[in-house]
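The chain contents come next:
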Amino acid sequence: MHRRLLKSLPFQLLIAGLLAWALATLLPLSSGFETSTAFKLLMLLKTTYIGLLKMLVGAVVLFSLLRGITSIGSIIRLKELGLKTVSFYAFTSTLAIALALGVSLSLPKWPQLVDTSKVHVSSHVQLIDQTSASGGAIVEKLFNMALVNPFQAMATTNLLAIVVFALLLGIALLASLPEKHPVFEVIDGLNTAVNRVVSWIIKLAPLAVFAIVFQFTLQSGNAIFGELARFALLVFTLTFIHGGFVLPIIAKVVTGIKFKDLFRALSAPMAMAFATSSSSATLPLSMQTAEEELNISQSTSSMVLPLGSIMNMDGTALFEGVAAIFLAQLYGIDLGTGGLIMIFIMAMVSSIGAPGMPSGSMSGMQLVMLAVGIPLEAIAILLVIERPLDTFRTAVNVEGDLIAALVVDKWQNK
């Protein structure tokens, strides 16, 4: 039991964060410590970790989205059942992000705890100019960012252009190739390989968390942990509202199912998702529940649920929206209208491509952060508390998949 706990990544991240905080708080560090060799070595750990993430973020976005689109199977399915499914997923994700941004912006601002003059922001980050926040200017800027050479986009981490290219290429592959073509297997294999590399990098996260929390504590004292607790409470509350009220009301309005019957049917797969933090691992139980408990046709469940385990991440989208506001204010970054639009778009897109595995949202979180100029090092702050929150939002993701199958099956029967 103790050995398993020591090997647990969430436990390692928690210990790394607490140890960094204790050392930065208790050690009698001199005022010039930030120029010492020891501090520079710590910052090298942080720089190495962030560099590895930057190296892979473009590939993660490209292959995750390609796999999500090509998993639909054929252009005919995309037009018929797939179009209804994706439309419903987009609708619920929009509600989740709108809830996240609306509540986050209505609350008092998070305090700025980081001096941005000491933080390096990539010169490749492309923001919407705050003086050009009119509708036409924003649309023009988005098109200029999106319609560029895909190789140039990969080199400069222009994630919006990568997303557009992946969508166009994925649809073209579905329209041009038969359903069992080897190209789809190659895409699936490449996506699996890239996610495996990301999982290797994540194993280095305790070292990065130690370095970044140590630096934060030196600069901001103990305030960061209080703000993290407030952030976690906000994410949990909004996730509960979306999963406990928004999604069930949609199911009730469209299908007429009673709340009691709905939650009784969903209890087992949601509990499995909560325990495993993986919508993909819950998929077999979700399909069994859909067909046996909710009387959803096999043709619908076999299409909607596997697609949902890849493309429908309401809880993830909500988390990324709140996290983007939290980190931007923590770093004193003024988002403005353009920044909020980019958060909305990127949270939507990144939730579609998020891997259905524990902490899979962290790859999508990079996309949101880069789009609005939040330093990637800030992701280590989220890792301290991300895993407990991941269990709740994964349960909501699976709930959204099953409600989507229920709604789409109702539309199909009509």
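Draft legend 1. How the structure looks around the pattern of salt bridges. Taken as a whole and assessed by the stated rule, the structure comprises three salt bridges. Across the pair Glu 227 and Arg 230 runs a salt bridge whose closest N-O atoms are separated by 2.6 Å. Of this pair, Glu 227 and Arg 230 both sit in helix H10 (residues 223-255), three residues apart, which is roughly one turn of that helix. For Arg 230, a relative accessible area of 39% puts it in the partly exposed group. One salt bridge connects Arg 264 with Asp 261, and the closest N-O pair in it is separated by 3.0 Å. With a gap of three residues between them, Arg 264 and Asp 261 both fall in helix H11 (residues 259-276), about one helical turn apart. Classification of Asp 261 as partly exposed rests on a relative accessible area of 27%.

Draft legend 2. Spotlight on the side chain of Asp 390. With respect to the helices and strands, Asp 390 occurs in helix H17 (residues 379-413). A polar contact of 3.4 Å, which involves the side chain of Asp 390, links it to the side chain of Arg 393.

Draft legend 3. Main features of the nonpolar core. The biggest cluster of nonpolar side chains holds 95 residues, and the ones touching the most others in it are Tyr 49, Phe 231, Leu 330, Met 365 and Ile 381. A per-element tally of this core places helix H3 (residues 37-70) first, with 16 residues. With residues up to four places along the chain from it excluded, the contact list for Phe 231 reads Trp 110, Phe 319, Val 322, Ala 323, Phe 326, Leu 382, Ile 385 and Leu 389. Listed in part, the 31 residues of the second largest apolar core include Leu 247, Ile 250, Met 270 and Leu 406.

Draft legend 4. Representation of the confidence of the model for the protein chain. Scored by pLDDT, the protein chain comes out at a mean of 77, with 80% of its residues at no less than 70. Mean pLDDT across the secondary structure elements of the protein chain bottoms out at helix H1 (residues 2-7), with 62, and peaks at H10, with 89. Counting interchain partners and residues more than four positions distant, the pLDDT-below-50 stretch residues 117-135 has 36 contacts.

Draft legend 5. Layout of unusual backbone geometry. A positive phi angle is found at Asn 295, which is not glycine, with a value near 55°. On the basis of relative accessible area, Asn 295 is assigned to the exposed category, the value being 61%.

Draft legend 6. Spotlight on the environment of Leu 66. Structurally, the position occupied by Leu 66 is in helix H3. Measuring from C-alpha to C-alpha, the distance between Leu 66 and Ile 187 comes to 7.1 Å, with 121 residues separating the pair along the chain. In contact with Leu 66, not counting residues within four places along its chain, are Ala 166, Leu 169, Gly 170 and Ile 187.

What counts and how
- Residues numbered from 1 in each chain as written.
- Predicted model: local features only at pLDDT ≥ 70, side-chain atom pairs only at ≥ 80, totals over all residues.
- Heavy atoms only, no water.
- Salt bridge = Lys/Arg side-chain N within 4 Å of Asp/Glu carboxyl O.
- Helix = DSSP H or I, 4+ residues; strand = E, 2+ residues; numbered from the N terminus.
- Buried < 20%, exposed > 50% of the residue type's maximum accessible area, 1.4 Å probe, protein only.
- Polar contact = N/O pair within 3.5 Å; in protein donor to acceptor, adjacent residues only side chain to side chain.
- Core = buried A, V, L, I, M, F, W, Y, C linked by side-chain atoms within 4.5 Å.
- Contact = heavy atoms within 4.5 Å.
- pLDDT = per-residue confidence, 0-100.

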